[in-house]
Amino acid sequence: MYKRLSIVMFPFLLLAFIGASVWGYLEHQEKNTILIKAENQYQRAFHDLSFHVDKLHTELGNTLAVNSASEPSYRKGLVNVWRLTSQAQSDITQLPLTLLPFNKTEDFLANMANFSYRMSVRDMTKQPLNENELKTLTALYDHSSEITKEIRDVQTKVISNNLRWMDVEMALASEKETHDNAIIDGFSTVDKKVGAYEELNWGPGNLSVLSTNNVKMLSGNDMTVEEIKPKAAQFLGLSDTSAMKVVENGGKSPEYQSFSVVVPGGQGSENDIQLDYTKKGGHLIYFMKPRMVQSAKFDLRQARDIANEFLDQHEYKDMSAVSYDQYQNIANIIFAKREKDITIYPQQISVKVALDTLEVTGIQATDYIYGQKPRQLGQPKIAAAEARKQLSPNLKVTSESLAVIKNDLDEEVLCHEFIGTMNNNIYRLYINADSGSEEKIETIRPEQAEAAANAAK
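A few points on the structure. (Residues numbered from 1 in each chain as written. Predicted model: local features only at pLDDT ≥ 70, side-chain atom pairs only at ≥ 80, totals over all residues. Heavy atoms only, no water.)

### A look at the overall build of the protein
When helices and strands are tallied, the protein shows 11 helices and 12 strands. Among the 457 residues that make up the protein, the fraction classed as buried is 42%. Contacts spanning at least 24 positions in sequence make up 60% of the contacts within the protein whose residues lie at least 6 apart. Carbon and sulfur atoms make up 52% of the accessible area of the protein, which totals about 25900 Å². (Helix = DSSP H or I, 4+ residues; strand = E, 2+ residues; numbered from the N terminus. Buried < 20%, exposed > 50% of the residue type's maximum accessible area, 1.4 Å probe, protein only. Contact = heavy atoms within 4.5 Å. Areas by Shrake-Rupley, 256 points an atom, 1.4 Å probe, with all protein chains shown as cover.)

Dropping the structure here:
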């Protein structure tokens, strides 16, 4: 009987074994294909990085070689520097370096991109490069030479020793503190050298990722943990502060100093209420009360009115809604400061309102609090009718008003704000109220156009 059973089962077992073998082989092949594809992508990004950094050094040298009075040549050179720096940043993001300390190099490239971009969009016939900016360009040329050499050395090792980037990824993902890898060592050397460079003068309008909050305009004295608790309790309408947890952030750097307050939500940490206050003055810059909103019983306009009333009851005065949005039954409304019938876009607040009960469940007020400063809002030199001549004759203007925005140089400028329709799209255009030049164009949604039109009234 066992012999007969063996004869019957053997073909099935053989087929199962062959099937498992084929499946395992195909899985192995598929895994190898994925690994080879990832390795090829890493290698391409790395060699592109080496090429772009090398070209960046060359372009900086070419820019310095021309006369500073040659506005077209300088502009072209700076645009190329900005383009190549941006490409180098993109190459870095495609490499498995997230676990490797490489932030100094990334910050350096971000500063270089911002610096070259600001210089390239400036009218150099009226504002040529000054001595400090030329000194910065020269330093960038010298530093890029060192970075190019180091990356070339890594590239030589990669090619001569057939090094794999997949090994880098596995080495960084391991829990070992020491990594014996030529690529990791090479990039660590680059980052250390960049970190040792003297601080460069990137200019007053730098859009750097290292930009800090301006605490000079904040009113009030430095707060303590015990002083923050009653402020949070008053905001939330609570009488008991014993359950509150307060953490001080920022260390000794005034621009980063703040307090984070957590109030237990009672049903797990995901429901905890969170608030952030500035250390100086104790100004609320963030509030979030997470909860599920099952249905929308009210509309965006009702949510806007509640949010506007809520801001007016607290320290955020003279605000007008400039944008509406809705997601998962929660309205997100952006307000901007209004002064002398002028919308101040750099001073914004985002407010979240639950559409089931019209409860305010979130605030992001960092731009508003740190954007407070005295502004000289004079009369525009260019009339609205004159500014309209810069618009397309096919644009049907539906509203116009005055607004302060930040231009490409990170400077606040007074503009004529026009909203109009063309080609079934809604556009918002900003024309400089002093020079008549175009500053910015945005494509916006209908609800944003309605919000902006209401703000202008």
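Additional details are given in the paragraphs that follow.
### Quick notes on helix α6 (residues 182-195)
Here α6 contains 14 residues, and its C-alpha end-to-end distance of 20 Å stays within 8% of the 20 Å for a straight helix at 1.5 Å per residue. Within the span of α6, buried status applies to Ile183, Ile184, Gly186, Phe187, Val190, Asp191 and Val194. Taken end-on, α6 shows its buried residues confined to a sector of 165°, consistent with a single buried face. (Expected span 1.5 Å × (residues − 1). Arc of directions from axis to C-beta.)

### Description of the packing of helix α4 (residues 131-160) against α6
Relative to each other, α4 and α6 sit at 175°, their axes nearing to 9 Å. In terms of orientation, α4 and α6 fall into the roughly antiparallel class. Within the contact between the two elements, α4 uses Ile147, Glu150, Ile151, Val154, Lys157 and Val158 and α6 uses Ala182, Ile183, Gly186, Phe187, Thr189, Val190, Lys193 and Val194. Along the lines of polarity and charge, the residues of the contact of α4 with α6 split into nine nonpolar, two polar and three charged. (Axes fitted to C-alpha atoms, helices over the stretch in contact; angles between N-to-C directions. Parallel < 35°, antiparallel > 145°, perpendicular 65-115°, else oblique. Nonpolar A, V, L, I, M, F, W, Y, C, P; charged D, E, K, R; others polar.)

### Some details on the packing of aromatic side chains
Scanning all chains against the criterion turns up six aromatic pairs. Plain terms: the ring middles of phenylalanine 46 and phenylalanine 187 are 6.1 Å apart, the flat faces sit at 55° to each other, and that makes the pair tilted. Of this pair, phenylalanine 46 sits in helix α1 (residues 2-65) while phenylalanine 187 sits in helix α6, and the two are 141 residues apart along the sequence. In this pair, the class of phenylalanine 46 matches that of phenylalanine 187, namely buried. Relative to phenylalanine 287, the ring of phenylalanine 235 lies with its centre 5.1 Å away and its plane at 75°, an arrangement referred to as edge-to-face. In this pair, phenylalanine 235 is assigned in helix α7 (residues 225-236) and phenylalanine 287 in strand β4 (residues 284-288), connecting sequence segments 52 residues apart. Using a relative accessible area of 17% as the deciding quantity, one classes phenylalanine 235 as buried. (Phe/Tyr/Trp six-rings, centres within 6.5 Å; stacked < 30°, edge-to-face > 60°.)

### As for the nonpolar core
Counting residues in each nonpolar core, the largest one holds 41 residues, and the members touching the most others are Val261, Leu275, Tyr316, Ile333, Ile349 and Val353. The greatest single-element share of this core, amounting to five residues, is contributed by helix α8 (residues 300-313). Setting aside chain neighbours within four positions, we find isoleucine 333 in contact with Leu300, Ala303, Arg304, Ala307, Ala321, Ser323, Tyr324, Ile349, Ser350, Val351 and Val353. (Core = buried A, V, L, I, M, F, W, Y, C linked by side-chain atoms within 4.5 Å.)

### A few points about the pairing of strand β12 (residues 438-444)
One ladder, built from six bridges, connects strand β11 (residues 425-432) with β12; its direction is antiparallel. Looking at β12, one finds that isoleucine 431 is bridged to glutamate 438. Between the end of β11 and the start of β12, which pair antiparallel, lie five residues, with glycine 436 showing a positive phi angle near 80°. (Pairing = 2+ DSSP bridges.)

### Describing the pattern of salt bridges
Per the stated rule, a full pass over the model turns up 16 salt bridges. Lysine 149 is the salt-bridge partner of aspartate 153, the closest N and O atoms lying 3.4 Å from each other. Here the residue aspartate 153 and the residue lysine 149 both occupy positions in helix α4, the gap between them amounting to four residues, near one helical turn. With a closest N to O distance of 3.1 Å, aspartate 305 and arginine 304 form a salt bridge. What makes aspartate 305 partly exposed here is its relative accessible area of 42%. (Salt bridge = Lys/Arg side-chain N within 4 Å of Asp/Glu carboxyl O.)

### Describing unusual backbone geometry
Residues other than glycine seldom take positive phi values, yet asparagine 329 does so here, at roughly 65°. Note on placement: asparagine 329 falls in the loop between β5 (319-327) and β6 (330-339). Although it is not a glycine, asparagine 424 adopts a positive phi angle of roughly 65°. In this fold, asparagine 424 is placed in the loop between β10 (412-422) and β11.

### Quick notes on the side chain of threonine 278
With respect to the helices and strands, threonine 278 occurs in strand β3 (residues 273-278). Overall, threonine 278 belongs to the buried group, its relative accessible area being 0%. A distance of 2.8 Å separates a polar atom in the side chain of threonine 278 from the backbone oxygen of lysine 280. Each residue touching threonine 278, except ones within four places of it in the same chain, is listed here: Leu218, Gln257, Ser258, Phe259, His283, Ile285, Ile369 and Tyr370. (Polar contact = N/O pair within 3.5 Å; in protein donor to acceptor, adjacent residues only side chain to side chain.)

### A few points about the environment of isoleucine 334
Looking at the element boundaries, isoleucine 334 is found in strand β6. Counting along the chain gives 14 residues from isoleucine 334 to glutamine 348, while the straight-line C-alpha distance between them is 6.8 Å. For isoleucine 334, the contacting residues outside a window of four places in its chain are Ser320, Ala321, Val322, Ser323, Gln348, Ile349 and Ser350.

### A word on the environment of valine 194
Within the secondary structure layout, valine 194 lies in helix α6. On the accessibility criterion, valine 194 (7% relative accessible area) is buried. The spatial distance from the C-alpha of valine 194 to the C-alpha of serine 144 is 9.6 Å, given a sequence separation of 50 residues. Excluding residues that lie within four positions of it along the chain, valine 194 makes contacts with Lys104, Thr105, Phe108 and Ile147.

### Description of the packing of helix α3 (residues 103-120) against α6
Put simply, α3 and α6 touch, their axes get as near as 7 Å, and they point 60° apart. Put simply, α3 runs oblique to α6. As α3 packs across α6, the resulting crossing turns out to be left-handed. Only Val190, Asp191, Val194 and Gly195 of α6 make contact with α3, whose side of the interface consists of Asn103, Lys104, Thr105 and Phe108. Across the contact of α3 with α6, the residue classes break down as three nonpolar, three polar and two charged. (Left-handed = near helix turned anticlockwise from the far one by under 90°.)

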